[in-house]
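# Results of the structural survey
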Amino acid sequence: MKVRRALVIGAGLSGATVARLLAENDVNVTVIDKRNTIGGNAYDKVDENGVTVQVYGPHIFHTNYKEVYDFLARFTEWVPYKHKVLASLKKKHEKKLVPVPFNLTSLFEMYPEKEAEAIKQILTEEIGYGKKVPILALKKHEDERVRKFADFVYKNIFYIYTLKQWGFAPEELGDEVMGRVPVYISEDDGYFTDTYQCMPKFGFTEMIKNMLNHPKIYLSLGKDANKMLYLSDNKIYFNGTEFDEPIIFTGCVDELFEYKYGVLPYRSLKFKFKTVNAKSFQPAAVVNYTVNKKYTRISEFTKFACPEKEKTVIVKEYPKTYKKDKNIPYYPIPRKENELLHKKYAEEAKNFPNLFLLGRLAEYKYVNMDVAVKNAMALLDKVLEEM
Ligand code: UDP
């Protein structure tokens, strides 16, 4: 069957990508979002001082997928940007800022020189220069001296931050969480090592606006699609009429199915923004508070590839339990029991041949922006083939 029409629920990066690709394949697409803004949680705006502020927290683009970089480059100019993060720690009574991922520079900041030299030698011999190792693997290393070092890093970098961020210790989460920020046996102090590291010159909102700007895309903002959709007997009704063409859903899938198997847990955040009357607030774009404070990190937007202004803007992130209708779901919580619960909904979704789940919320996967785009690109083929 030739697809003529499609509904995309959610105007975030996943929704915008699939909508654009469908439109370019001659499909008329209606994109619905309950917010009055596009871009989902990547939404940003320029404030009165000219600073691009990311309203739902820091989003940084990085990828090894050339096809993702090239696709997005059709909708934005890129500005090269190497993201750097420091951890705020204590060495005895002295305050220290050390690079994260914890690397050889961090090692020399935290240990007396001779000891650091000895540890560096062990790490390079036992693991290898240039290698990245997730902290939980390092903690189980066969060499006791490596394990002792790993315990130090675990205690200072991961344990408290992770408890704050997720409400769980590192071991209680899926391995992919700690795998994101491995210990790096190198002096390279970049947060990422991807081939393409850049930010959209005029922000993510502008980029996504360009993606959605197509004669075959109709945008409907401020509308709650869950109130328009009705699912029954393998059929989906949209505003009371059966809709048998593709529906790509990027929202919370438990809500779509009226929580019939229970509420899926997500992690939420509270942001406290502040305009600071200074050109610079901190020495890196992000400082993580890995051993103290209630917030996890402070991000400074004028350091995110945005030219310095007279004033700067910072945001502190306070992790919160997600309460439906009360706050925003930001992260799926990668734990076995949650994935099993999500699977029930994903199975349920299969009863509806024209329903496709996509994105961090609907697929319940902790994906980065590039993977969100890549998955949306892959979904296009599936939608066109299966329908
Ligand atoms: N993490 C940590 N300490 C750090 C940085 C990261 O414990 O200094 C852990 C923490 O559990 C965090 C995860 O690694 O949630 C992933 O970090 P990332 O910076 O990728 O998180 P995101 O930017 O996606 O919130």
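Here the structure is shown first, and the text comes after it.
The rules we used
- Residues numbered from 1 in each chain as written.
- Predicted model: local features only at pLDDT ≥ 70, side-chain atom pairs only at ≥ 80, totals over all residues.
- Heavy atoms only, no water.
- Axes fitted to C-alpha atoms, helices over the stretch in contact; angles between N-to-C directions.
- Helix = DSSP H or I, 4+ residues; strand = E, 2+ residues; numbered from the N terminus.
- Left-handed = near helix turned anticlockwise from the far one by under 90°.
- Contact = heavy atoms within 4.5 Å.
- Nonpolar A, V, L, I, M, F, W, Y, C, P; charged D, E, K, R; others polar.
- Near = heavy atom within 4 Å.
- Polar contact = N/O pair within 3.5 Å; in protein donor to acceptor, adjacent residues only side chain to side chain.
- Areas by Shrake-Rupley, 256 points an atom, 1.4 Å probe, with all protein chains shown as cover.
- Expected span 1.5 Å × (residues − 1).
- Buried < 20%, exposed > 50% of the residue type's maximum accessible area, 1.4 Å probe, protein only.
- Parallel < 35°, antiparallel > 145°, perpendicular 65-115°, else oblique.

The subject of this paragraph is the packing of helix 4 (residues 113-126) against helix 6 (residues 144-166). It is at 10 Å that the axes of helix 4 and helix 6 come closest, and there the two elements cross at 115°. Crossing of helix 4 against helix 6: the hand is left-handed. Between helix 4, through Ile 119, Ile 122, Leu 123 and Glu 126, and helix 6, the contact on the second element is made entirely by Arg 145, Val 146 and Phe 149. Of the residues contributing to the contact of helix 4 with helix 6, the split by class is 5 nonpolar, no polar and 2 charged.

Time to look at the site of the ligand. The environment of the ligand is made up of 17 residues, and the closest members are Trp 166, Arg 180, Tyr 191, Tyr 331 and Tyr 366. The side chain of Arg 180 places a nitrogen or oxygen atom 2.8 Å from an oxygen atom of the ligand. Within the side chain of Asn 288, one N or O atom sits 2.9 Å away from an oxygen atom of the ligand. Look at the ligand: alone it shows 520 Å² of surface, and the protein chains cover 94% of it. Every element with two or more residues in the shell around the ligand is listed here: helix 6 and helix 7 (175-179). Here the shell around the ligand is built from residues that sort into 11 nonpolar, 4 polar and 2 charged.

Next up on the list: helix 13 (residues 369-386). Its 18 residues give helix 13 an end-to-end C-alpha distance of 26 Å, which sits within 8% of 26 Å, the value for a rise of 1.5 Å per residue. Taken together, the buried positions of helix 13 are Met 369, Asp 370, Ala 372, Val 373, Ala 376, Leu 379, Leu 380 and Val 383. If you follow the buried residues of helix 13, they end up packed against helix 1 (13-24), strand 5 (62-63), helix 2 (66-73), helix 8 (204-212), strand 16 (247-249) and strand 22 (355-357).

On to the packing of helix 1 against helix 13. It is the contact of helix 1 with helix 13, at a shortest axis distance of 8 Å, that shows an interaxial angle of 40°. Considered as vectors, helix 1 and helix 13 are oriented oblique to each other. Handedness of the crossing formed by helix 1 with helix 13: right-handed. Between helix 1 and helix 13, the contacting residues are Leu 13, Ser 14, Thr 17, Val 18, Leu 21 and Leu 22 on the first element and Met 369, Ala 372, Val 373, Ala 376, Met 377, Leu 379, Leu 380, Val 383 and Leu 384 on the second. Taken together, the residues that form the contact of helix 1 with helix 13 break down as 13 nonpolar, 2 polar and no charged.

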